[in-house]
Amino acid sequence: MISQPVTNPVLIFAIAMFVFLVAPLIMAKLRIPGIIGFIFAGVIIGPNGLGLLDRDPTIILLGTVGLLYIIFIAGLEIDLEGFKKYRKRSLTFGTMSFGIPFIIGTIGAYVLGYSVAGSILLGSLLGSHTLLAYPIASRLGISKNKAVTTSVGGTIMTDTLALLVLAIVAGSMQGELTPDFWFLLFVSLIVYVAGVFIIVPIAAKFFFRTLSSEGTMEYIFVMTVLFVSAFFATVAGLEPIIGAFLAGLALNRFIFEQSPLMNRIKFIGNSLFIPFFLLSVGMLMDLRILFNDPSAWVKAALVVTLVIFGKFSAAWIAGKIYNYSLEEIKLIFGLTIPQAAATLAATLVGFDLGLFDQATVNAIIVMILVTCMIGPYTVEKFARMIAMKEEQKPYEPSSAPERVLVPVANPKTMESLMDLSFIIRGQSPQPLYALSVAQGGREDSASRIVEAEKLLGHAVTYAAGAEIPIQMLTRVDTNITSGIIRAMEESRITTAVIGWNGKLSTPQKIFGGILDQLLERTTQMILVSKLGHPLNTTKRIVIIVPSGFDHKAGYYQSVKAVKLIANQLGASIACYVVKDNLKSYARSFNEIKPDVKVTMTSLKTWNEWHNTYMPLLRADDVVFVFSARRGTVAWHPQLERLPRVLAHSGPESFIMVYPPETEEVDLRGTRGTALPKTFLSKSSYE
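As the structure is a computational prediction, the values presented were derived from the model and not from experiment. (Residues numbered from 1 in each chain as written. Predicted model: local features only at pLDDT ≥ 70, side-chain atom pairs only at ≥ 80, totals over all residues. Heavy atoms only, no water.)

Here we look at the overall build of the chain
Next up, step 1: Looking only at helices and strands, the chain has 25 helices and ten strands in total.
Next up, step 2: Across the 686 residues in the chain, those meeting the buried criterion constitute 58%.
Next up, step 3: Pairs at least 24 apart in sequence give 82% of the contacts found in the chain among residues at least 6 apart.
Next up, step 4: About 28,600 Å² of surface is accessible on the chain, with carbon and sulfur atoms providing 63% of the total. (Helix = DSSP H or I, 4+ residues; strand = E, 2+ residues; numbered from the N terminus. Buried < 20%, exposed > 50% of the residue type's maximum accessible area, 1.4 Å probe, protein only. Contact = heavy atoms within 4.5 Å. Areas by Shrake-Rupley, 256 points an atom, 1.4 Å probe, with all protein chains shown as cover.)

This is how it looks when you write it as structure tokens:
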């Protein structure tokens, strides 16, 4: 016989894993979001159900980790540029999302006979919310939608206000509302927030540049930042969820969306810790007390009605003010209706202080259960509608799916090239093409082929960590360039991301024989990259634009690619336009998505760049040069000199962008011209 509740740790974990496997399958049959199944499972197998599992310290520990995980991932995924752009909306919405439920909750509780302190505390817990359904919005690919950004940005305000009210009410009940209390509260808050945003980025930059060597260490570092930040939030008098969110914001630009590290974080959270949190929430529910105490039903109906009315009112008013669609309004409501984290904290404190009775506690748990079902269901329904509408937007050539090729030849630079190609590829349904070319016609050709296949195997493993599908290509050719071009033609590649080691065989060449031949014999977009530091430590992207570049057919594609990279890295853009109309470039940069902070500077001569601005480049800048093939519009002799100059100057990383050359007419009516088919001798490429 197995005693109940189960105490064997192996069996506890086995039962939990079985629940995590079966619950989503059952919910899928019922067409209900899977995360609701974990909550129901907690009700059924928990101490107030079948009693199979107890809400013991192990469940509480793993559930707490899961809660912090949800908030942390929301901070990691938030579009910082979008948040800055919509920060007023987030502040406005956050104020309303807390204020409306707080006011009506306080009044309703006072009418029912609660004390002033109890009424205020009940109102504050209705004002908070937990981003329980955020993983659904993220899974459906709308995490950067303005409605989601507004909701996530408002969360930090609602939970902070709710927890501040909790601290004040607790202090008042213990007679601690002295001037020293207020001083310590606000000073500790300011010092803590400043500390997170100053110390964490410095530590992350140092780690990723000097210590990071493998995926395991990177993940452990991120988890260390998460839980240390969460702990010091409690030291500052805040709840750990505030620390988790701030840690996510501080690490945001160091962990881009398509990276293997982000995939590891999401995978472990979504498969283990977040389900434990949902299971622990369900275990709090005690259905028996609801049947034994009729007053609990009245209180449960009151808090459920008030929180639904308050949260929907805030979403509707914000939506009308900022012209959100009805689907986006309902999406905001679905994201902000679930109650769990701060609500539980306030409820338990209120019970311990004697402000809430057992009926109130159970009523609030009913409210948590109901809102945790409404939220995911609403988000699943309306996020899918929004995602479908976004996919139905008119076709634009600049947003066409990319077929990205990465020739790999140097194991030391492979991962950085792969990271860059992940960003360029974006959400394209096409796989990433990894190519290794072995030079044939030599005595050691067989061993070179083996080395090429071995290197491709490493590339496949690295891409698998980011869940990026990859297509391996191996070519044997007496001419390396011909092998690359043949692979590009056979696979219909649109963009090639190629590494360069910064060395020249003769001073007459741009990069060396292989890359020079490739540029002359292709018309696809080519990014020649010399990456000397981890991309995720980049704060600023510098773009050099030669005169006439906006006449090229690939102009918009080039700008979009660099803005996409800047958006993923959380970097700003400093654009230098040489001898051309600055207003025209500023207007087109502003029109092309995604939104990134861009500053524009006009240069009268190339010497102004070399003498005035190039010495100001920082080591962690990434310089993008919008270049042009010889004989085409925007070509200038300085463009062939720049790679050599940059290879021996301040920045460790730079990328030469050669846009696609086609015969189509661009907006200013200028055609690109074909390139001469000439051959140069072999040099080095990576």
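So, the packing of helix α2 (residues 34–45) against helix α12 (residues 260–283)
Next up, step 1: The geometry of α2 relative to α12 is characterised by a closest axis approach of 6 Å and an angle of 45° between their N-to-C directions. With respect to α12, the element α2 is oriented oblique. Considering the relative orientation of α2 and α12, their crossing is right-handed. Where α2 approaches α12, its residues Ile35, Phe38, Ile39, Ala41, Gly42, Val43 and Ile45 are matched on the opposing element by Pro275, Leu278, Leu279, Gly282 and Met283. (Axes fitted to C-alpha atoms, helices over the stretch in contact; angles between N-to-C directions. Parallel < 35°, antiparallel > 145°, perpendicular 65-115°, else oblique. Left-handed = near helix turned anticlockwise from the far one by under 90°.)

Things to note about the pattern of salt bridges
Next up, step 1: Enumeration over the complete set of coordinates arrives at eleven salt bridges.
Next up, step 2: We note a salt bridge from Glu328 to Lys146, for which the minimum N-O separation is 3.3 Å. Remark: Lys146 occurs in helix α8 (residues 146–173) and Glu328 occurs in helix α15 (residues 326–336); sequence separation between them is 182 residues.
Next up, step 3: Taking the shortest distance from any N to any O, the salt bridge between Arg209 and Glu652 comes out at 3.0 Å. Of this pair, Arg209 sits in helix α9 (residues 179–211) while Glu652 sits in the loop between α25 (637–647) and β10 (653–658), placing them 443 residues apart in sequence. (Salt bridge = Lys/Arg side-chain N within 4 Å of Asp/Glu carboxyl O.)

Thoughts on the confidence of the model for the chain
Next up, step 1: In this model, the chain carries a mean pLDDT of 82, and residues with pLDDT of at least 70 account for 89%.
Next up, step 2: Segment residues 393–400 is flagged for pLDDT under 50; beyond a separation of four residues in sequence, or across chains, it makes three contacts in the model.
Next up, step 3: Low pLDDT (under 50) marks residues 663–686, which in the prediction has 78 contacts with non-local residues, meaning those over four places away or in another chain. (pLDDT = per-residue confidence, 0-100.)

Thoughts on the sheet that holds β10
Next up, step 1: Pairing within the open sheet is mixed, and its ten strands lie in the order β3-β2-β1-β4-β5-β10-β9-β6-β7-β8. Each of the sheet's edge strands pairs with one partner strand only, and the pair in question is β3 (470–477) and β8 (598–603). Across the sheet, the mean angle separating the axes of adjacent strands is 20° when strand polarity is ignored.
Next up, step 2: The pairing of strand β4 (residues 495–499) with strand β5 (residues 525–530) spans five bridges and is classified as parallel. Bridge pairing links Ile498 to Val528 in β5. (Pairing = 2+ DSSP bridges.)

Considerations on the pairing of strand β1 (residues 404–407)
Moving residue by residue along a regular strand, the side chains alternate between the two faces of the sheet.
Next up, step 1: Burial of β1 is two-sided: the residues Val404 and Val406 facing one way and the residues Leu405 and Pro407 facing the other way are all buried.
Next up, step 2: Here β1 runs beside β4; their pairing, made up of two bridges, is parallel. Counterpart to Val404 in the pairing with β4 is Thr495.
Next up, step 3: As defined by bridge partners, β1 adjoins strand β2 (residues 432–439) across three bridges and the pair is classed as parallel. Within the sheet, the bridge partner assigned to Val406 lies in β2 and is Ala434.
Next up, step 4: Taking the sense of rotation as the criterion, the β-α-β connection linking β1, helix α18 (residues 411–425) and β2 turns out right-handed. (Right-handed = clockwise from strand over helix to strand, strands pointing away.)

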